[in-house]
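Fold and geometry: a report
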Amino acid sequence: MTESIENKILAKIKKNRRGRIFFVDDFIAVAMAKTVNKTLERLATKGELTRIARGIYTRPEMSKLLGQPLTPSTEVIAKAIAKRDRARILPTGTYALNMLGLSTQVPMNVVYLTDGAARKIQLGKRSILFKKTTPKNLAVEGELTGLAIQALRVLEKDKVTPEQEAKIIEFLKKEKPEVLERDIALAPEWIRQIMRKALPEKP
DNA sequence: CGCGATAATTCTCGTTCTCC
DNA sequence: GGAGAACGAGAATTATCGCG
């Protein structure tokens, strides 16, 4: 039973569900990085894998109905990359607005803030842009507050409509008050003022 | 299939420019 | 004056080609 590297890798891949994302690092224990790369590349040629970007592969989630491979969502990819880099990411730009329900548009170009490296990933006609930012921006404890801050930054000061503000405040109320209170300190001044409105009334 | 070499793309780091 | 964001250059990693 010759355990070829390819078999080992393939077996490992097949243990996971489709749609999962793999990195070279996932198989570093099986063989040298170079060899792993080669193997993944060959598997990609065979159609077992799809190459999303450099060093990032996924199992093509074939739609049996349409017979065409489904591209993983940008969110899945972004999170996978963040995990690999042990970096924290935060959706921003129009995407943040979308997640908050302030916009129904799903942008083609998704922008994430990261404390890792800035990079750009092309996904066919879509793209993910990782923007380097200061740790401060990512230090937020609550994911909700982080989203809210980013959304507000996109809307720009003085351009936030009362409706948008109300919606964000409503959203922030779902966050734990303690977390919210702490994260307020990390926001730009003008955003703090809005965030404070989401805090419970104080005696 | 596995390995080495070459070319392309990406990552990291430092500096500069702008805004607050 | 201080901080944050953007840009550019070099270094490293990855993709592709060819061979045993």
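Residues numbered from 1 in each chain as written. Chains lettered and ligands numbered in written order. Predicted model: local features only at pLDDT ≥ 70, side-chain atom pairs only at ≥ 80, totals over all residues. Heavy atoms only, no water.

**Considerations on the protein's contact with DNA strand C**
- Taken together, 14 residues are adjacent to DNA strand C, and Asn-37, Lys-38, Glu-41, Arg-54 and Arg-153 come closest.
- The share of sugar and phosphate among atoms of DNA strand C within 4 Å of the protein is 61%.
- Contact between DNA strand C and Arg-54: a sugar or linking oxygen at 2.7 Å from a side-chain N or O atom of the residue.
- A distance of 3.0 Å is found between a phosphate oxygen of DNA strand C and a side-chain nitrogen or oxygen belonging to Arg-153.
- Looking at the surface near DNA strand C, the elements with two or more residues in it are helix H2 (33–46) and helix H5 (135–138).
- The element contributing the most residues to the surface near DNA strand C is H2, with 4 residues.
- Along the lines of polarity and charge, the residues of the surface near DNA strand C split into 1 nonpolar, 5 polar and 8 charged. (Near = heavy atom within 4 Å. Polar contact = N/O pair within 3.5 Å; in protein donor to acceptor, adjacent residues only side chain to side chain. Helix = DSSP H or I, 4+ residues; strand = E, 2+ residues; numbered from the N terminus. Nonpolar A, V, L, I, M, F, W, Y, C, P; charged D, E, K, R; others polar.)

**Some remarks on the packing of helix H6 (residues 143–155) against helix H9 (residues 189–196)**
- At a closest axis distance of 10 Å, the pairing of H6 and H9 adopts a crossing angle of 125°. Taken together, the axis directions place H6 and H9 in an arrangement best described as oblique. The interaxial crossing formed by H6 with H9 has right-handed handedness. Residues Thr-145, Ile-149, Leu-152 and Arg-153 of H6 pack against Trp-190, Ile-191, Ile-194 and Met-195 of H9.
- Across the contact of H6 with H9, the residue classes break down as 6 nonpolar, 1 polar and 1 charged. (Axes fitted to C-alpha atoms, helices over the stretch in contact; angles between N-to-C directions. Parallel < 35°, antiparallel > 145°, perpendicular 65-115°, else oblique. Left-handed = near helix turned anticlockwise from the far one by under 90°. Contact = heavy atoms within 4.5 Å.)

**Focus: H9**
- Restricting attention to buried positions, one finds in H9 the residues Ile-191, Ile-194 and Met-195. Considered in projection along H9, the buried side chains sweep an arc of 100° and stay on one side of the axis.
- Contacts from the buried residues of H9 go to H6, helix H7 (162–172) and helix H8 (177–184). (Buried < 20%, exposed > 50% of the residue type's maximum accessible area, 1.4 Å probe, protein only. Arc of directions from axis to C-beta.)

**Here's the deal with the pattern of salt bridges**
- Taken as a whole, this structure holds 3 salt bridges when the rule is applied.
- Between Glu-75 and Lys-79 there is a salt bridge, with the nearest N and O atoms lying 3.2 Å from each other. In this pair, Glu-75 and Lys-79 both sit in helix H3 (residues 74–85), 4 residues apart, roughly one turn of the helix.
- For Glu-75, a relative accessible area of 27% gives the class partly exposed.
- For Lys-197, the salt bridge goes to Glu-165, with nearest N and O atoms at 2.7 Å. Within this pair, whereas Lys-197 is found in the segment after H9, its partner Glu-165 is found in helix H7, the two being separated by 32 residues in sequence.
- On the accessibility criterion, Lys-197 (48% relative accessible area) is partly exposed. (Salt bridge = Lys/Arg side-chain N within 4 Å of Asp/Glu carboxyl O.)

**Comments concerning the packing of H8 against H9**
- Orientation of H8 relative to H9, taken along the N-to-C sense of each, is 160°, at an axis distance of 10 Å. With respect to H9, the axis of H8 lies roughly antiparallel. Considering the relative orientation of H8 and H9, their crossing is left-handed. Contacts between H8 and H9 involve Leu-180, Asp-183 and Ile-184 from the former and Arg-192, Met-195 and Arg-196 from the latter.
- Grouping the amino acids of the contact of H8 with H9 by side-chain chemistry returns 3 nonpolar, no polar and 3 charged.

**So, the sheet that holds strand S8 (residues 119–123)**
- In space, the 4 strands of this open sheet follow the order S6-S7-S9-S8, with mixed pairing throughout. Each edge of the open sheet is held by one strand with a lone partner, namely strand S6 (89–92) and S8. Adjacent strand axes in the sheet meet at a mean angle of 25° when their direction is disregarded.
- As judged from the 5 bridges shared by S8 and strand S9 (residues 126–132), these two strands associate in the antiparallel manner. Paired with Leu-123 across the bridge in S9 is Arg-126.
- H6 contacts S6 and strand S7 (109–114) of the sheet and is inclined by roughly 40° relative to S6. (Pairing = 2+ DSSP bridges.)

Take it as geometry only, folks, not as evidence of what the structure does.
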